[in-house]
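# Structural overview for review
The residues making up each chain are set out below.
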Amino acid sequence: MRTWRPCDTIESAVAWKSAIERKDGPTALVFSRQGLPAMERTDAQLADVERGGYILKDCDGLPELILIATGSEVELAAKAYDALTGQGRKVRLVSMPSTEAFDAQDIEYRMQVLPLEVPARIAIEAASADFWYKYVGMDGRIVGMTSFGESAPAEDLFREFGFTLDNVLAVADELLTDFS
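I will try to describe carefully the structure that is included in this document. Remember, it's a predicted structure, so these values are computed and weren't measured experimentally.

## Re the overall build of the protein chain
- Summing up its helical and strand segments, the protein chain has eight helices and seven strands in all.
- The C-alpha radius of gyration of the protein chain comes to 16 Å, within 12% of the 16 Å expected for a compact globule of 180 residues.
- Projected onto its principal axes, the C-alpha positions of the protein chain cover 45 × 40 × 30 Å.
- Here the protein chain, with 180 residues, has 45% of them falling under the buried criterion.
- Considering only contacts in the protein chain between residues 6 or more positions apart, those separated by 24 or more positions represent 69%.

## Notes on the pairing of strand E5 (residues 91-95)
- In terms of residue burial, E5 counts as a mostly covered element, since five of its five residues are buried.
- Residues of E5 alternate between two faces, with Val91, Leu93 and Ser95 on one and Arg92 and Val94 on the opposite face, all of them buried.
- With three bridges connecting them, strand E3 (residues 54-57) and E5 associate as antiparallel partners. Bridged to Ile55 within E5 is Val94.

## Let's talk about the pattern of salt bridges
- Following the criterion strictly, the structure yields 14 salt bridges and no others.
- Between Glu21 and Lys17 there is a salt bridge whose closest N-O contact spans 3.0 Å. With a gap of four residues between them, Glu21 and Lys17 both fall in helix H1 (residues 9-21), about one helical turn apart.
- The residue Asp82 makes a salt bridge to Lys57 at a minimum N-O spacing of 3.7 Å.

## Some words on the pairing of strand E6 (residues 121-128)
- Bridge count for strand E4 (residues 65-69) against E6 is four bridges, and the pairing is parallel. Within the sheet, the bridge partner assigned to Leu67 lies in E6 and is Ile122.
- The sheet contact formed by E6 and strand E7 (residues 141-145) spans five bridges and is parallel. Its bridge partner lying in E7, Ile122 is registered against Arg141.

## Things to note about the environment of Ala120
- Tracing the backbone through its elements, the reader meets Ala120 in the loop between helix H5 (107-113) and E6.
- The class of Ala120 is buried, set by a relative accessible area of 1%.
- Sequence separation of Ala120 and Ile55 is 65 residues, and the distance between their C-alpha atoms is 16 Å.
- When near neighbours in sequence (up to four residues on either side) are disregarded, Ala120 contacts Glu64, Leu65, Ile66, Leu175, Leu176 and Phe179.

## A short note on the sheet that holds E7
- Pairing in this open sheet of five strands is mixed, and the strands run E3-E5-E4-E6-E7 from one edge to the other. Of all the strands in the sheet, the pair left with one neighbour each is E3 and E7. Across the sheet, the axes of successive neighbouring strands diverge by a mean angle of 25°, strand direction being ignored.
- The sheet contacts of helix H3 (residues 73-86) involve E3, E4, E5 and E6, and relative to E5 the element is tilted by about 170°.
- Packing of helix H8 (residues 165-178) onto the sheet brings it into contact with E4, E6 and E7, and relative to E7 it is tilted by some 155°.

## Description of the packing of aromatic side chains
- Inspection of the entire model under this criterion finds five aromatic pairs.
- Seen from their ring centres, Phe131 and Trp132 are 5.5 Å apart, and the 90° between their planes marks the pair as edge-to-face.
- Exposure remark for Trp132: the relative accessible area of 3% places this residue in the buried category.
- The rings of Phe102, Tyr109, Phe131, Trp132 and Tyr135 are connected pair by pair, giving a single aromatic cluster.
- The ring of Tyr109 has Arg51 lying over it, and the distance from NZ or CZ to the ring centre is 4.0 Å.

## Let's talk about the environment of Gly53
- Mapped onto the elements, Gly53 comes out in the loop between helix H2 (43-48) and E3.
- Excluding anything up to four places from it in sequence, Gly53 contacts Asp48, Ser95, Met96, Pro97, Phe102, Tyr109 and Val113.

Definitions and limits used
Every chain's residues receive numbers from 1 upward, in the order its sequence appears when written. Local features in this predicted model are restricted to residues of pLDDT 70 or higher, and side-chain atom pairs are both shown and tallied only at a pLDDT of 80 or more, whereas totals for entire chains, interfaces and linings draw on every residue. Hydrogens and water are ignored here; the side-chain numbers use all heavy atoms of the structure. Helical segments are the DSSP runs of H or I of at least four residues, strand segments are the runs of E of at least two, and each set is numbered from the N terminus. To get the radius of gyration, use the C-alpha atoms; to get the globule rule, take the number of residues to the power 0.38 and multiply by 2.2 Å. Burial classification: accessible surface area is computed with a 1.4 Å probe over protein chains only, and a residue below 20% of its type maximum counts as buried, one above 50% as exposed, and the rest as partly exposed. Residue contacts follow a heavy-atom distance rule, with two residues in contact if any of their heavy atoms lie within 4.5 Å. A pair of strands counts as paired when DSSP detects no fewer than two bridges linking them. Any carboxyl oxygen of Asp or Glu that lies within 4 Å of a side-chain nitrogen of Lys or Arg is treated as forming a salt bridge with it. Axis lines are fitted to C-alpha atoms, over the contacting stretch for helices. Their N-to-C directions set the angle, which ranges from 0 to 180 degrees. Ring pairs shown here join Phe, Tyr and Trp side chains whose ring centres sit within 6.5 Å, with only the six-membered ring taken for Trp; geometry is labelled stacked below 30 degrees between planes, edge-to-face above 60, and tilted in between. Should the NZ of a Lys or the CZ of an Arg lie within 6 Å of a ring centre and within 35 degrees of the ring normal, that charge is described as sitting over the ring.

Note that every value here comes from positions in space, so none of it alone points to a role or purpose.
Spelled out as structure tokens, the structure:
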């Protein structure tokens, strides 16, 4: 099973194309109930969407912190990126709509996106949290769910479970302090 959780219409179109063209197994497309804003991309970034994970926003040189997000949480990660870079931090934002597609890429590409030299990493995803340790390591942080079955308006649930800009910035500050 290859799962795609797109953050906007561009990633949705790439996910749909991938699902149609795939001949070696099933594909699941997971969409948000919320309307999501379009992310700006260069032509190179647009080409990299099909790789399952790619650099959506970056800094000059090696980042201090990598934010990894999928689906509707990419918008939150983009806001955190903007706030952190506004504070003078060197941050990279990786959109990861399909971990299976990303994992199928060659090691050079994966290391280009998630260089081992940057241990300060935060994954943001409103589903299972434990899965993301694969990408953030044991010292990284995850803003994610550890329970199932909650029901309420999305805005209330996001606030309750820490999917807020203030919380992501607090986690980033803690992590950057730990690695400084």
